[in-house]
Amino acid sequence: MKPKPWQTVLIAVGLLVGGGLIVYSLSGRDAVEIPDAYFLVDVETGQVFRASLSSNRVPIPAEHPETGRVSLIGATKGDDGKFFVSRRDLIMLSNLDKSVTNSAVDASSGEIKLQPGRMIDYPRKR
């Protein structure tokens, strides 16, 4: 059975549109940045830790590497370079050790009230 001319045109247009969509999807887009680390903040001192995703699997809330108390929650670095605690991570405040006093993180806004010093790499667990 021989295809009708309009069927041939429809198939050709479909192939052209499909090819164009493939070329469009593969070219000219910005690359997606995949983070290589995540940040933790000590709710007592405001100190920020950087935990490498390639070498660490740290549960949140996390144990402070020096004190051994669970006083670290997740932090996010804003576009302005300042750290804050997202709403999702603020929920973790209730899961900290009972002896931990939150003096660095505003529990309602997530703002870190104490200025963190230089960032410290979270030690890799052995």
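To be clear, the structure that these remarks concern was listed above.
This structure is a prediction, so every number in the text was calculated from the model and none was measured. (Residues numbered from 1 in each chain as written. Predicted model: local features only at pLDDT ≥ 70, side-chain atom pairs only at ≥ 80, totals over all residues. Heavy atoms only, no water.)

**Remarks on the pattern of salt bridges**
At step 1: With the rule as written, the count across this model stands at two salt bridges.
At step 2: A salt bridge links Arg 69 to Glu 44; its shortest N-O distance comes to 2.5 Å. In this pair, Arg 69 is assigned in the loop between strand E3 (62-63) and strand E4 (70-77) and Glu 44 in the loop between strand E1 (37-42) and strand E2 (48-52), connecting sequence segments 25 residues apart.
At step 3: Given the relative accessible area of 25%, Arg 69 is considered partly exposed. (Salt bridge = Lys/Arg side-chain N within 4 Å of Asp/Glu carboxyl O. Helix = DSSP H or I, 4+ residues; strand = E, 2+ residues; numbered from the N terminus. Buried < 20%, exposed > 50% of the residue type's maximum accessible area, 1.4 Å probe, protein only.)

**A closer look at the pairing of E1**
At step 1: A large share of E1 lies buried, amounting to six of its six residues.
At step 2: With burial as the criterion, each face of E1 is covered, one bearing Ala 37, Phe 39 and Val 41 and the other bearing Tyr 38, Leu 40 and Asp 42.
At step 3: Pairing analysis gives five bridges linking E1 to E2, with the strands arranged antiparallel. Opposite Phe 39, over in E2, you have Arg 50 as the bridge partner. (Pairing = 2+ DSSP bridges.)

**Focus on the side chain of Ser 71**
At step 1: By the element assignment, Ser 71 lies in strand E4.
At step 2: Ignoring sequence-local partners within four residues, the contact set of Ser 71 consists of Val 41, Asp 42, Val 43, Glu 44, Ala 62, His 64, Leu 96 and Val 100. (Contact = heavy atoms within 4.5 Å.)

**Considering the nonpolar core**
At step 1: Val 41, Val 43, Ile 73, Val 85, Leu 96 and Val 105 are the most contacted members of the largest nonpolar core, which has 16 residues in total.
At step 2: Going through the elements one at a time, E1 and E4 are the ones with two or more residues in this core.
At step 3: Sort the elements by how many residues they give to this core and E4 lands first, with three residues.
At step 4: Not counting residues up to four positions away in its chain, the partners in contact with Val 85 are Val 41, Ile 73, Gly 74, Leu 90, Val 105, Ser 109, Gly 110 and Ile 112.
At step 5: Formed by eight residues, the second largest nonpolar core is a distinct cluster that contains Tyr 38, Leu 40, Phe 49 and Val 58. (Core = buried A, V, L, I, M, F, W, Y, C linked by side-chain atoms within 4.5 Å.)

**Digging into helix H1 (residues 5-26)**
At step 1: Across its 22 residues, H1 extends 32 Å between first and last C-alpha, which sits within 8% of the 32 Å expected from 1.5 Å per residue.
At step 2: Counting buried positions along H1 yields zero of 22 residues, so the element is predominantly exposed. (Expected span 1.5 Å × (residues − 1).)

**Description of a nonpolar patch on the surface**
At step 1: A cluster of nonpolar residues, Val 9, Val 13, Val 17 and Leu 21, forms a patch on the protein surface that exposes about 360 Å² of accessible area.
At step 2: By the element assignment, Val 17 lies in helix H1. (Patch = residues over 30% accessible without salt bridge, like charges linked within 9 Å, V, L, I, M, F, W, Y side chains within 5 Å. Areas by Shrake-Rupley, 256 points an atom, 1.4 Å probe, with all protein chains shown as cover.)

**Section: the packing of aromatic side chains**
At step 1: Enumeration according to the criterion identifies two aromatic pairs in this entry.
At step 2: Geometrically, the ring pair formed by Phe 39 and Phe 83 is edge-to-face, given 5.0 Å between the ring centres and 70° between the ring planes. With Phe 39 in strand E1 and Phe 83 in strand E5 (residues 83-84), this residue pair connects regions lying 44 residues apart in the sequence. In this structure, Phe 39 and Phe 83 share a single accessibility class: buried.
At step 3: When the centroid spacing of 6.1 Å and the interplanar angle of 80° are considered together, the rings of Phe 49 and Tyr 122 count as edge-to-face. Taken as a pair, Phe 49 in strand E2 and Tyr 122 in the segment after strand E6 (120-121) lie far apart in primary sequence, 73 residues in all. Of the two residues, Phe 49 and Tyr 122, neither departs from the other in class, the shared state being buried. (Phe/Tyr/Trp six-rings, centres within 6.5 Å; stacked < 30°, edge-to-face > 60°.)

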